[in-house]
Amino acid sequence: MGVADDIARVELDALRARGLLRALEPLRSPAGAEIELRPGERLINLSSNDYLGLAGDARIAAALAEGAARWGAGAAASRLVTGNFLPQHELENELASFEGTEAALLFNSGYAANCALVPAFVGPEDLVLSDALNHASIIDACRLSRARVEIYPHVDVGAAEHLLREIPARRKLVVTDSIFSMDGDRAPLRELSEVCARHGAMLAVDEAHATGVLAEKMPADLRMATHSKALGVAGAHVAGTRAVCDLLLNRARPLIFSTALPPAIACAVLKSLQIVRGPEGDGRRARLWRNVARFAEGLRSLGLPARANSPIFPLVLGTPDKALGVASRLRELGVLAKAIRPPTVPAGTSRIRFALTAAHTDAHVDAAFSALRTAC
Ligand SMILES: Cc1ncc(COP(=O)(O)O)c(C=O)c1O
């Protein structure tokens with residue numbers, strides 16, 4: 001069947017043998033606390049990033065539909081050509097107000113935003129310090145920058161400061177997730193910000209899992225946030241000063257060389273932001289944190305570790321096969337909690353990643369919990 005097909009088969013066999021093969025399975029229902037995978041198979045969904053339960057929200061879907069009716073389905077060009085529409089500007093103004101920054105600039109995804117951000121600010125003469133558990137998009141962004149990249153041990157501010165002190169470079173950037181996507185713990189942002197200030201370094205923070213979830217905004221020179229998780233839509237932004245956003249507009253290759261986010265998506269995110277920033281958003285956050293506390297309590301009663309300072313709970317099991325085994329037993333019991341394996345997490349730390357949302361009821365949390373008791 002050709003060289004590419006031969007290579008693909010060999011590589012796939014190798015992945016299969018190591019328990020690392022991945023495949024797609026389509027949902028037959030919208031995103032939500034309960035979803036349908038196989039026909040008739042209703043599952044409690046503990047594997048989404050839909051933290052405020054907005055991905056399936058009818059009001060946001062209506063804003064998307066109205067946006068598409070008014071502006072069309074596609075942007076038809078890059079922002080810098082003719083893909084630049086009023087809703088994108090309106091959204092950027094709202095996002096800057098939400099972030100408390102001078103400006104914000106839209107990107108097509110969080111992945112694109114990270115790959116834009118890091119290479120725009122550092123290059124071959126520079127130093128980047130990256131937390132050992134940073135998201136893959138940050139890892140790729142660092143590689144793209146061609147800067148010297150040093151990985152500091154997870155959340156180890158002292159190690160980061162040591163590297164900042166010892167390694168000479170034209171510019172220095174420390175980059176970190178704010179809530180770590182697969183571990184659910186939080187970066188010591190205040191301490192990192194102080195260390196950066198002492199050493200004239202920039203701090204870039206990826207708020208993918210924090211935006212809409214944590215009310216407070218932590219200090220950062222460059223803040224990246226996704227619209228695909230708590231905001232329930234798609235796309236991302238970088239927030240900062242006007243000059244930061246103007247530099248990105250001029251340098252960010254994922255923005256310059258890619259068709260803009262459709263304006264209808266901007267309409268949907270505007271609607272979502274309105275909900276997230278209003279009293280309903282506060283109510284949804286309160287519900288989410290109640291669920292987090294209830295789930296943590298349950299985990300602890302099983303003698304399992306539970307941090308409860310984010311909606312993400314890792315149950316580290318070790319090998320891919322162990323994680324797949326527990327995931328499949330949970331699914332038989334009506335709970336979808338996917339196995340997370342390398343390269344998403346380091347070798348030897350395959351896990352189940354549970355993620356709570358505001359859409360879960362007490363009954364969902366308790367049912368998930370009793371399934372877990374049986375499955376482990
Ligand atoms: C920490 C982190 N950064 C960036 C991304 C990428 O965001 P997006 O899904 O919008 O591309 C994700 C998730 O996918 C993430 O977990």
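Our structure is the block above this text.
Rules used throughout
- Residues numbered from 1 in each chain as written.
- Predicted model: local features only at pLDDT ≥ 70, side-chain atom pairs only at ≥ 80, totals over all residues.
- Heavy atoms only, no water.
- Near = heavy atom within 4 Å.
- Polar contact = N/O pair within 3.5 Å; in protein donor to acceptor, adjacent residues only side chain to side chain.
- Areas by Shrake-Rupley, 256 points an atom, 1.4 Å probe, with all protein chains shown as cover.
- Helix = DSSP H or I, 4+ residues; strand = E, 2+ residues; numbered from the N terminus.
- Nonpolar A, V, L, I, M, F, W, Y, C, P; charged D, E, K, R; others polar.
- Core = buried A, V, L, I, M, F, W, Y, C linked by side-chain atoms within 4.5 Å.
- Buried < 20%, exposed > 50% of the residue type's maximum accessible area, 1.4 Å probe, protein only.
- Contact = heavy atoms within 4.5 Å.
- Salt bridge = Lys/Arg side-chain N within 4 Å of Asp/Glu carboxyl O.
- Expected span 1.5 Å × (residues − 1).
- Phe/Tyr/Trp six-rings, centres within 6.5 Å; stacked < 30°, edge-to-face > 60°.
- Lys NZ or Arg CZ within 6 Å of the ring centre and 35° of its normal.
- Pairing = 2+ DSSP bridges.

Draft legend 1. Expanded view of the site of the ligand. Around the ligand, 14 residues are found, and the nearest of them are Gly110, Asp206, His209, Ser228 and Lys229. A distance of 2.8 Å is found between an oxygen atom of the ligand and a backbone nitrogen or oxygen belonging to Gly110. For the ligand, a nitrogen atom lies 2.5 Å from a polar atom in the side chain of Asp206. Here the ligand loses 83% of its free accessible area of 390 Å² to cover by the protein chains. The element that contributes the greatest number of residues to the shell around the ligand is helix α4 (residues 110-121), accounting for three residues. For the shell around the ligand, the per-class residue count stands at two nonpolar, nine polar and three charged.

Draft legend 2. Just the nonpolar core, in detail. Of all hydrophobic cores here, the largest spans 54 residues; its most connected members are Phe295, Phe313, Leu330, Ile352 and Phe354. For this core, the elements supplying multiple residues, two or more each, are α3 (86-99), β3 (103-107), α10 (263-277), α11 (279-301), β10 (312-318), α12 (320-332), β13 (350-355) and α13 (362-375). Considering each element in turn, this core owes the most residues, eight residues, to α10. Apart from residues lying up to four places away in sequence, Phe354 is in contact with Leu46, Phe295, Pro311, Ile312, Phe313, Leu315, Leu330, Ala337 and Leu372. In this structure, Val122, Ile138, Leu222 and Ala236 belong to the second largest nonpolar core, which totals 29 residues.

Draft legend 3. Broad picture of the environment of Ala339. Of note, Ala339 is situated in strand β12 (residues 339-340). A relative accessible area of 17% means that Ala339 is categorised as buried. Note: C-alpha distance between Ala339 and Arg351 (12 residues apart in sequence) is 5.7 Å. Among all residues touching Ala339, those that are not within four sequence positions of it are Ala323, Leu324, Ala327, Arg351 and Ile352.

Draft legend 4. Spotlight on the pattern of salt bridges. Going through the model one piece at a time under the given rule, you end up with 26 salt bridges. Across the salt bridge formed by Arg284 and Asp57, the nearest N and O atoms sit 3.9 Å from each other. One end of the pair, Arg284, is in helix α11; the other, Asp57, is in the loop between β2 (42-45) and α2 (58-71), with 227 residues separating them in the sequence. Of the two residues, Arg284 and Asp57, both sit in the buried class. Arg59 is the partner of Glu280 in a salt bridge, and the nearest nitrogen-oxygen pair spans 2.7 Å. Placement of the pair is Glu280 in helix α11 and Arg59 in helix α2, with a sequence separation of 221 residues. According to the relative accessible area criterion, Glu280 is partly exposed, its value standing at 31%. Residue class for Arg59 comes out partly exposed when judged on its relative accessible area of 35%.

Draft legend 5. Layout of α10. Its 15 residues place the ends of α10 21 Å apart at the C-alpha level, agreeing with the 21 Å of an ideal helix rising 1.5 Å per residue. Counting buried positions along α10 gives 12 out of 15 residues, so the element sits mostly inside the fold. Every buried residue of α10 is listed here: Pro263, Ala264, Ile265, Ala266, Cys267, Ala268, Val269, Leu270, Ser272, Leu273, Ile275 and Val276.

Draft legend 6. Up close: the packing of aromatic side chains. Under the definition given, this model contains four aromatic pairs. Considering the side-chain rings of Phe295 and Phe354, the 5.3 Å spacing of their centres and the 55° angle between planes classify their relative orientation as tilted. One end of the pair, Phe295, is in helix α11; the other, Phe354, is in strand β13, with 59 residues separating them in the sequence. By relative accessible area, which is 1% here, Phe295 ends up buried. The exposure class of Phe354 is buried, given its relative accessible area of 2%. Here the aromatic residues Phe295, Phe313, Phe354 and Phe369 are joined through ring pairs into a cluster of three or more. Lying over the aromatic face of Trp71, Arg70 brings its terminal NZ or CZ to 4.1 Å of the ring centre. Lys217 extends its terminal NZ or CZ atom over the ring of Phe98, reaching a point 4.1 Å from the ring centre.

Draft legend 7. Just unusual backbone geometry, in detail. Following Pro342, the chain continues to Pro343 via a peptide bond in cis, the omega torsion being 5°. Topologically, Pro343 is positioned in the loop between β12 and β13. Despite not being glycine, Ala76 has its phi angle at roughly 70°, a positive value. Here Ala76 lies in the loop between α2 and α3. For Ala76, a relative accessible area of 73% corresponds to the exposed category.

Draft legend 8. The sheet that holds strand β11 (residues 335-336), seen in detail. Pairing in this open sheet of three strands is mixed, and the strands run β1-β2-β11 from one edge to the other. Two strands in the sheet have a free side with no partner beyond their single neighbour: β1 (34-36) and β11. In this sheet, β2 lies alongside β1 in antiparallel orientation, the contact comprising three bridges. Along β2, the bridge assignment pairs Ile35 with Leu43.

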